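Residue strings, one per chain:
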Amino acid sequence: MREEEKKHPSQNFLKRRWAYPAIYLASAAIIITGILWYQAGNDVNEKAKDYSYDGVPTDNEFNQPAEEVNRSLENFVMPVSSPEDTVIEKQFYDTEASAEEQEAALVVYGNMYYPNQGVDISKDGKEFDVLAAMSGTVTKVQEDSLLGNTIEIEHSKGIVTRYQSVKDFEVAVGDVVDQGQAIAKAGKSLFNEEAGVHVHFEIRKADVAVNPLEYFNKSLATLQEAQLEDKKVSGEQPDAEAAEENAVEDQASENKATEDKATEEKGEAEENESKQDQAKPKQESQDNAKDEE
């Protein structure tokens, strides 16, 4: 009997209670391992086919708009092509500048002085394209007889660029524009006639105007982090209706002053004539007395 057990050990193994469950578990483990190995091999092949994959997650994997990401990488630029050919006709009114510089940054209109809220850029008196200083969304396109029409582009919440004294709009409210895209052409304004053909350019954060020259070639994040509590300049540019009323009042004042001066001169002339008439009989009597002598 013992010799038969030595000749057939497999039969004795299969007679054990745990033999068949162990065989099933081992088989299942082998099958599952094979499936996982097969799937892993397919994933590697798929990644190998995607030549654009570089292991760096894209912004869209985090559900962030590509426009916002691109905008954050941009720097503010002058709203013109060939900035080296431009001239700053009037600088930004800086509260920390010298008295002489502040005086040069004032705009005179209707016997009133207004601090310049941006920079006035011209190209030797020639017409030129006005370009978007940074990618963004157009939030305002308005005709204005005084300021020479206005376009506003929002680049981030509360941060906008403003373009005034422009004509021939090439954008509308709601348009998404790219940096360097033409949005209008430079024109003239009644508010600052001395500048001639130009564009009045502003950068604003929470409606506080900042000096554009300080932010050219700087990122949006730089302005977002800036503290501007004490930078707000009093004396905003007038709107067309208010300016028209002021102009009418100024004209009425000038007319009244002219009339008063004319009345005064007329009264002086009449008074002189009256004095001459009174002196004339006396002079005649003196002349007669001389003749009698």
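Criteria and thresholds
Residues numbered from 1 in each chain as written. Predicted model: local features only at pLDDT ≥ 70, side-chain atom pairs only at ≥ 80, totals over all residues. Heavy atoms only, no water. 1 Å grid on protein atoms, 1.4 Å probe; cavity = no way out; pocket = protein on both sides within 12 Å on 5 of 7 lines; lining within 4 Å. Points joined across faces, edges and corners; volume = space filled by probe spheres on them. Nonpolar A, V, L, I, M, F, W, Y, C, P; charged D, E, K, R; others polar. Pairing = 2+ DSSP bridges. Helix = DSSP H or I, 4+ residues; strand = E, 2+ residues; numbered from the N terminus. Salt bridge = Lys/Arg side-chain N within 4 Å of Asp/Glu carboxyl O. Buried < 20%, exposed > 50% of the residue type's maximum accessible area, 1.4 Å probe, protein only. Phe/Tyr/Trp six-rings, centres within 6.5 Å; stacked < 30°, edge-to-face > 60°. pLDDT = per-residue confidence, 0-100. Contact = heavy atoms within 4.5 Å. Core = buried A, V, L, I, M, F, W, Y, C linked by side-chain atoms within 4.5 Å.

### So, the layout of surface pockets
What the largest pocket holds in volume is close to 190 Å³. Lining the largest pocket are Q91, F92, Y93, D94, A97, E101, Q102, A104, A105, N211 and L213. For the lining of the largest pocket, the residue count by class is six nonpolar, three polar and two charged.

### Remarks on the pairing of strand 6 (residues 136-142)
As judged from the two bridges shared by strand 6 and strand 10 (residues 176-177), these two strands associate in the antiparallel manner. The residue bridging T137 from the neighbouring strand is V176, located in strand 10. Note: strand 6 against strand 7 (residues 150-156), five bridges, orientation antiparallel. The partner of V141 across the bridge, within strand 7, is I151.

### So, unusual backbone geometry
The phi angle at D124 is positive, at roughly 55°, despite the residue not being glycine. As for its position among the elements, D124 is in the loop between strand 4 (119-122) and strand 5 (129-131). Phi at S165 takes a positive value of approximately 65°, unusual for a residue other than glycine. One can find S165 in the loop between strand 8 (159-164) and strand 9 (166-167).

### Some words on the pattern of salt bridges
Inspection of every chain in the model, using the stated rule, returns six salt bridges. Here K185 makes a salt bridge to D129, at a shortest N to O gap of 2.6 Å. Of this pair, K185 sits in strand 11 (residues 182-186) while D129 sits in strand 5, and the two are 56 residues apart along the sequence. A salt bridge links E202 to R162; the nearest nitrogen and oxygen atoms lie 3.5 Å apart. Here E202 is found in strand 12 (residues 199-205), whereas its partner R162 is found in strand 8, with 40 residues between them in sequence. Judged by its relative accessible area of 0%, E202 falls in the buried class. For R162, a relative accessible area of 15% translates into the label buried. Overlapping salt bridges, with partners in common, bring together E152, R162, E202, R204 and D207 in one network.

### Here we look at the pairing of strand 8
The element strand 8 is largely enclosed, with a buried count of six among its six residues. Of the two faces of strand 8, the one carrying I159, T161 and Y163 and the one carrying V160, R162 and Q164 are both buried. Alignment of strand 8 against strand 12, held across six bridges, turns out to be antiparallel. Residue pairing in the sheet places T161 in a bridge with I203 of strand 12.

### Points about the packing of aromatic side chains
According to the stated counting rule, one finds four aromatic pairs in the structure shown. Ring centres 5.9 Å apart and planes at 15° place the aromatic pair F201 and F216 in the stacked group. Pair noted here: F201 is in strand 12 and F216 is in the loop between strand 13 (208-210) and helix 6 (220-225), with a separation of 15 residues, a long-range link. Since its relative accessible area comes to 12%, F216 is described here as buried. Among the aromatic residues, those joined into a ring-pair cluster are Y109, Y114 and F191.

### What about the confidence of the model for the protein chain?
Summarising the model, the protein chain shows a mean pLDDT of 78, and 61% of its residues fall at 70 or more. Scored below 50 in pLDDT, residues 50-62 shows four contacts in the model against residues more than four places distant or in partner chains.

### Some thoughts on the nonpolar core
The biggest cluster of nonpolar side chains holds 35 residues, and the ones touching the most others in it are F76, I151, Y163, I183 and L223. Put simply, the parts of the chain that give this core at least two residues each are strand 4, strand 7, strand 8, strand 11, strand 12, strand 13 and helix 6. Formed by five residues, the second largest nonpolar core is a distinct cluster that contains V107, L146, L147 and F191.

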